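# Survey of secondary and tertiary structure
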Amino acid sequence: MTATNRERPRPSWLPRFWAVVRYEMLWNIRKKKFIGIVIAAFALVTVDLALPAFFNVSENPDFAATFSVGNLVFFLIALVTVMNSISGEFESGTIVPLLTKPVSRTTVFLAKLFAAFVIIIVTYTVLFIYSTVGGIVVYGPQDNLQLVPLALIGNVISTFVWVAIILAIGSISKSSLFAALGGLVLFIAFVFAGSIIASVSNEAGALNYVPGGGATGALNVAQRSQNITIQNITVSMNSISTGTDNIGTNLVNYARYPSATVNITRTDVFSTPPKVIQLYTESIGLIALRSIAVAFAYILVFLFIAWFAFKRAQILE
Amino acid sequence: MELVIETNNLTKRYGALTAVNKLNLKVQRGSIHGFLGPNGAGKTTTIKIIVGLLRPDEGTVKVLGHELHGGKNEGFLQTFREQADSRLGIGYMPELPKFPKHLKGSELLDIYGRMYGMTEQQRKEQIPKLIEMVGLTGRENDLIGKYSKGMQQRIGIAQALLNSPELVILDEPSLGLDPVGMVEVRELVKNIAREGITVFVSSHLLFEVEQICTDVTIINRGTALASDTLQNVSGLLTGPAMIHVEVAQMSQNIINAVKSLPFVSNVTQTGNSLIIQVTTHEDVRTQVSKEITRAGGIIVDMSQKTSNLEDVFIQLVSKDQEGKTQ
Ligand SMILES: Nc1ncnc2c1ncn2[C@@H]1O[C@H](COP(=O)(O)OP(=O)(O)OP(=O)(O)O)[C@@H](O)[C@H]1O
Ligand SMILES: [Mg+2]
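In this report, we go over the structure that sits alongside the text. All values reported here derive from a predicted model rather than from experimental measurement. (Residues numbered from 1 in each chain as written. Chains lettered and ligands numbered in written order. Predicted model: local features only at pLDDT ≥ 70, side-chain atom pairs only at ≥ 80, totals over all residues. Heavy atoms only, no water.)

Here the focus is the overall build of chain B. Along its length, chain B carries eleven helices and 15 strands. Dimensions of chain B, computed from C-alpha atoms along their principal axes, come out at roughly 75 × 50 × 35 Å. Sorting the 326 residues of chain B into buried and exposed places 54% on the buried side. Roughly 14,300 Å² of accessible area belongs to chain B as shown, and the carbon and sulfur atoms make up 50% of that amount. Between the averaged position of the 34 positive side-chain charges in chain B and that of its 36 negative side-chain charges there is a distance of 4 Å. (Helix = DSSP H or I, 4+ residues; strand = E, 2+ residues; numbered from the N terminus. Buried < 20%, exposed > 50% of the residue type's maximum accessible area, 1.4 Å probe, protein only. Areas by Shrake-Rupley, 256 points an atom, 1.4 Å probe, with all protein chains shown as cover. Lys, Arg positive; Asp, Glu negative; His and termini not counted. Charge placed at Lys NZ, Arg CZ, Asp CG, Glu CD.)

Taken together, 15 residues sit near ligand 1, with Gly-40, Lys-43, Thr-44, Thr-45 and Glu-95 of chain B positioned nearest. Ligand 1 sits at a junction of chains, with neighbouring residues supplied by chains A and B. At 3.0 Å, a side-chain N or O of Asn-39 of chain B approaches an oxygen atom of ligand 1. Gly-42 of chain B has a polar backbone atom sitting 2.9 Å from an oxygen atom of ligand 1. Look at ligand 1: alone it shows 640 Å² of surface, and the protein chains cover 66% of it. Considering each element in turn, the shell around ligand 1 owes the most residues, three residues, to helix α1 (residues 43-50) of chain B. Looking at side-chain class alone, the shell around ligand 1 contains six nonpolar, six polar and three charged residues. (Near = heavy atom within 4 Å. Polar contact = N/O pair within 3.5 Å; in protein donor to acceptor, adjacent residues only side chain to side chain. Nonpolar A, V, L, I, M, F, W, Y, C, P; charged D, E, K, R; others polar.)

Moving on, we come to the nonpolar core. Of all hydrophobic cores here, the largest spans 153 residues; its most connected members are Tyr-124 and Ile-166 of chain A together with Ile-5, Met-115, Leu-167, Ile-169 and Phe-200 of chain B. In terms of residue count, the dominant contributor to this core is helix α7 (residues 148-173) of chain A (14 residues). Other than its neighbours up to four places away in sequence, Met-115 of chain B contacts Arg-16, Ala-19, Val-20, Tyr-23, Leu-98, Lys-101, Pro-102 and Val-103 of chain A. Membership of the second largest hydrophobic core comes to 21 residues, among which are Ile-255, Val-258, Ile-276 and Met-302 of chain B. (Core = buried A, V, L, I, M, F, W, Y, C linked by side-chain atoms within 4.5 Å. Contact = heavy atoms within 4.5 Å.)

Residue and element names in this part refer to chain B. Here three bridges tie strand β5 (residues 58-63) to strand β6 (residues 66-69), and the two strands are oriented antiparallel to one another. By the bridge assignment for β6, Lys-62 is matched with Glu-67. The antiparallel pairing of β5 with β6 creates a hairpin that spans two residues between the two strands, and Leu-64 there sits at a positive phi of about 50°. (Pairing = 2+ DSSP bridges.)

A few words on the coordination of the magnesium ion (ligand 2). All names here are of chain B. Coordination of the magnesium ion (ligand 2) by the protein comes from Thr-44 (OG1) and Glu-95 (OE), over a distance range of 1.9 to 2.5 Å. Here Thr-44 is found in helix α1, whereas its partner Glu-95 is found in the loop between β7 (90-93) and α3 (105-115), with 51 residues between them in sequence. By relative accessible area, which is 31% here, Glu-95 ends up partly exposed. (Donors = N, O, S within 2.8 Å, 3.2 Å for Na, K, Ca; no water.)

All names here are of chain B. The pairing of strand β12 (residues 241-247) with strand β14 (residues 273-278) spans six bridges and is antiparallel. Bridge pairing links Ile-243 to Ile-276 in β14. Relative to β14, strand β13 (residues 264-270) runs antiparallel, the two being bridged by six bridges. Looking across to β14, one finds that Gln-269 is bridged to Leu-274.

Right, let's talk about the pattern of salt bridges for a bit. Residues and elements named next belong to chain B. Here the structure, examined in full by the defined rule, presents 15 salt bridges over all chains. Notably, a salt bridge pairs Arg-123 with Asp-110, separated by 2.9 Å at the nearest N-O pair. Taken together, the positions of Arg-123 in helix α4 (residues 120-133) and Asp-110 in helix α3 put the pair 13 residues apart, joining distant regions of the chain. Side by side, Arg-123 and Asp-110 carry an identical accessibility label, which is buried. We note a salt bridge from Lys-190 to Glu-187, for which the minimum N-O separation is 3.8 Å. (Salt bridge = Lys/Arg side-chain N within 4 Å of Asp/Glu carboxyl O.)

With that settled, consider the packing of α3 of chain B against α4 of chain B. Residue and element names in this part refer to chain B. Interaxial distance between α3 and α4 falls to 10 Å at its minimum, and their mutual angle equals 135°. Between α3 and α4, the crossing angle belongs to the class labelled oblique. Between α3 and α4 lies a crossing of right-handed hand. On α4, the residues that touch Ser-106, Leu-109, Asp-110, Gly-113 and Arg-114 of α3 are Arg-123, Ile-127 and Ile-131. (Axes fitted to C-alpha atoms, helices over the stretch in contact; angles between N-to-C directions. Parallel < 35°, antiparallel > 145°, perpendicular 65-115°, else oblique. Left-handed = near helix turned anticlockwise from the far one by under 90°.)

A common way to express how large an interface is: the accessible area buried when the components associate. With 48 residues of chain B at the contact, the number on the chain A side is 40 residues. Approximately 4,200 Å² of surface area, both sides summed, lies buried where chain B meets chain A, with 56% of it carried by carbon and sulfur atoms. Across the pair Arg-30 of chain A and Glu-107 of chain B runs a salt bridge whose closest N-O atoms are separated by 3.0 Å. Between the two partners, chain B and chain A, sit 13 residue pairs in polar contact (both at pLDDT 80 or more). Element by element, the count of residues in the side of chain B that touches chain A is highest for α3 of chain B, at six residues. (Buried area = accessible area lost by both parts, 1.4 Å probe.)

A word on the side chain of Ser-176 of chain A. All names here are of chain A. Tracing the sequence through the fold places Ser-176 in helix α8 (residues 176-200). With a relative accessible area of 7%, Ser-176 lands in the buried category. At 3.1 Å, the side chain of Ser-176 forms a polar contact with the side chain of Ser-87.

This paragraph deals with the packing of aromatic side chains. All names here are of chain A. For the structure shown, the criterion picks out 20 aromatic pairs over all chains. Ring plane angle 25° and centroid distance 4.8 Å describe the contact between Trp-13 and Phe-17, whose orientation is recorded as stacked. Taken together, the positions of Trp-13 and Phe-17, both in helix α1 (residues 13-29) and four residues apart, correspond to about one turn of that helix. Taking relative accessible area as the criterion, Trp-13 reaches 41% and is therefore assigned partly exposed. Given a relative accessible area of 8%, Phe-17 falls into the buried group. Between Phe-42 and Tyr-130 the ring centres are 5.1 Å apart and the planes differ by 45°, which places this aromatic pair in the tilted class. You can see Phe-42 sitting in helix α2 (residues 32-54) and its partner Tyr-130 sitting in helix α6 (residues 105-139), a full 88 residues away along the chain. Residue Phe-42 is classed as partly exposed on the basis of its relative accessible area of 28%. Aromatic rings pair up to connect Trp-13, Phe-17, Trp-18 and Phe-114 into one cluster. (Phe/Tyr/Trp six-rings, centres within 6.5 Å; stacked < 30°, edge-to-face > 60°.)

Here's what the structure looks like:
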């Protein structure tokens, strides 16, 4: 005969959730690696700021609104934020006292995810303030500053594709090393495969459905056709990439030119001189919204895998 | 009687190895229940199932009235909420616990306290008390990464008592402690129990269990060999107990008088000493001494070798191993 539990008031869920968020935040903030990556991200933004100036570009009113921290930063920030947020608990054995507190595994998972979200938002906010202020200083008055938050949100979504992938690998393998290496292999594979397919295959549209840069093309807008020519290399200011890494920029373009179309092209590097081949045309709105949908699909699938593996994990440590 | 832990046919396999084998464990509310067994007996595995870290392969587990496994919550996607709720009333100290190295001792207790849903007021009252209780005063603001093994063990005990639990589960609490620490832990366990908290403590240290426990379960190769009150388990020792008597002047009279006692099965004499085999486990020394005095003997020395837990343990475990090799 087992009697029922003596009544103990059931504390509400939210404070317990916050407790795990707090636990995770302290860990992240005190990680040396994290501080290192934030410094590295600042250095990369500084290069972004300085490079065009180095090539004598002194005026660009679109710098701030079209700024993106870039795919490498997406990956690195995701990596340091979550590579050991689940697997590290297994490796250090701290998972045992944590999971024996009255918080469900789902609560722990959500709290860790939320902490990663907050850390990434805060880091990017600081980076975007830096790039905006830097843009004004280096390239003069900036247009469309109200669109900077949109770019920031796009960057966060792009980063979360990697957050989800790295969490899933870490949760399944229970190894931070696997999470980091697996993530890195995928990152490199997507970058390489993406650029190879983009230059040799006419099926560049397939790249819309994998994480990364996607297909490339040019935005058809009259107002924005100024090109920058640096020593015979023409950099088109209206070049577009369609993938999940460019959600921020595509959202900003969509907001500015809602009805614009994009000519998707590929550059055949094997012909001399390299020639640009027209593939197809689609609207900027489709590109922006599709890249968001694709990103969310990846985020949801990988987060589900991560959550499921975590919930089912037996704690053998 | 109210049970705080109840398992039925609990079975856990690691591949081909059966770590816990059809275990029926029953822990009464208010008891100090020792979980005794040699290395690899399955103690930690059983405890991990009870606190929800492992899933059993077979059997049911009920803790503080919550059905954790085998009940209505069993399914491909188990609800862990029932488990999370059951843990509100449990304090658990893992075997050789590991805590985040970047936190200070007091921070750890604070964060864990929040996870239990404790208010700031409750945490402010409870945490300094616990730090004092486990002897970490003065070190509470050091990083756990700088704690010695014994200090980590102590903070482990403190965090197990944080939520004023109904049930405290300690997995080898004195592992890694110095002799003074071991005595302190034993005192601590007794004090906890005095407050009405049920303690379930695993150990392979017989004297520890013998000194503090009211109930004991002996486990070997995943199966309970005995589970009862400490007294009854100690009484399980088969074969006669013995009383050793030394008299000032031995005589046949004395030997005959002793032999006439109903519970005496055999008497052997060497000089002025007698070794009396008795068939009971009661303390019969007064009766023996009365009989000897009546027969005119003067007792110089007398001792009864009662069955102790160690004998029971060794007997049960070695019998069990024999069974295995047959
Ligand atoms: N993660 C694991 N993988 C495989 N086998 C395991 C694992 N953990 C424990 N075992 C095996 O299960 C059996 C029971 O182990 P368990 O840790 O429960 O014993 P224990 O009674 O706690 O021993 P100890 O006194 O040494 O702590 C042992 O034979 C052990 O080798
Ligand atoms: Mg053990």
